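Understanding the architecture of this molecule
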Amino acid sequence: MSAGSAGSAAGDAARWRVFVDPTRCIGSGICAGAAPAHFVLVDGLSRPLGERIAPADEVLDAAESCPMEAIIVSDAEGSRIAPEP
């Protein structure tokens, strides 16, 4: 493995995965207000602007604030970070 590949793998390990469940989302817009660099409303539902992101507190705030718990944030191994179970 090249040094560039190793760096990329290490970078991926530090990234979070963001998912919005479209069957739970009611389009309240709280997420887009809390983390506008990470969420947008499309056709009345929230969508993450990126599926894999660098850790960001505002994304955790958005997930914890979602009234339907439609936003799931997990670490590189798939362990749930937010909302807290």
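Preceding block: the structure.
Summarised in this report is the structure supplied together with it. (Residues numbered from 1 in each chain as written. Predicted model: local features only at pLDDT ≥ 70, side-chain atom pairs only at ≥ 80, totals over all residues. Heavy atoms only, no water.)

This paragraph deals with the pairing of strand β2 (residues 39-42). Taken together, the four bridges between β2 and strand β3 (residues 45-48) define a ladder with antiparallel strand orientation. Bridge pairing links valine 42 to leucine 45 in β3. Between β2 and β3, which pair antiparallel in sequence order, lie two residues; one of them, aspartate 43, sits at a positive phi of approximately 50°. (Pairing = 2+ DSSP bridges. Helix = DSSP H or I, 4+ residues; strand = E, 2+ residues; numbered from the N terminus.)

Strand-to-strand pairing in sheets goes through backbone hydrogen bonds, with the strands running parallel or antiparallel. Read from one edge to the other, the open sheet built from four strands follows the order β4-β1-β5-β6, with strand pairing classed as antiparallel. With partners counted over all chains shown, the strands left at the sheet margins are β4 (52-53) and β6 (80-82), one partner each. For strand β1 (residues 16-20) and β4, the ladder comprises two bridges, and the chain directions are antiparallel. Each residue of the ladder has a partner; that of tryptophan 16, found in β4, is isoleucine 53. Of the strands in this sheet, β1, β4, β5 (71-74) and β6 touch helix α3 (residues 57-65), which is tilted by about 140° from β5. (Contact = heavy atoms within 4.5 Å. Axes fitted to C-alpha atoms, helices over the stretch in contact; angles between N-to-C directions.)

Let us look at α3. When we look at burial in α3, the residues that qualify are Val59, Leu60, Ala62 and Ala63. Buried residues of α3, seen end-on, are gathered within an arc of 160° and therefore sit on one face of the element. Buried residues in α3 make contact with β1, α2 (30-34), β2, β4, β5 and β6. (Buried < 20%, exposed > 50% of the residue type's maximum accessible area, 1.4 Å probe, protein only. Arc of directions from axis to C-beta.)

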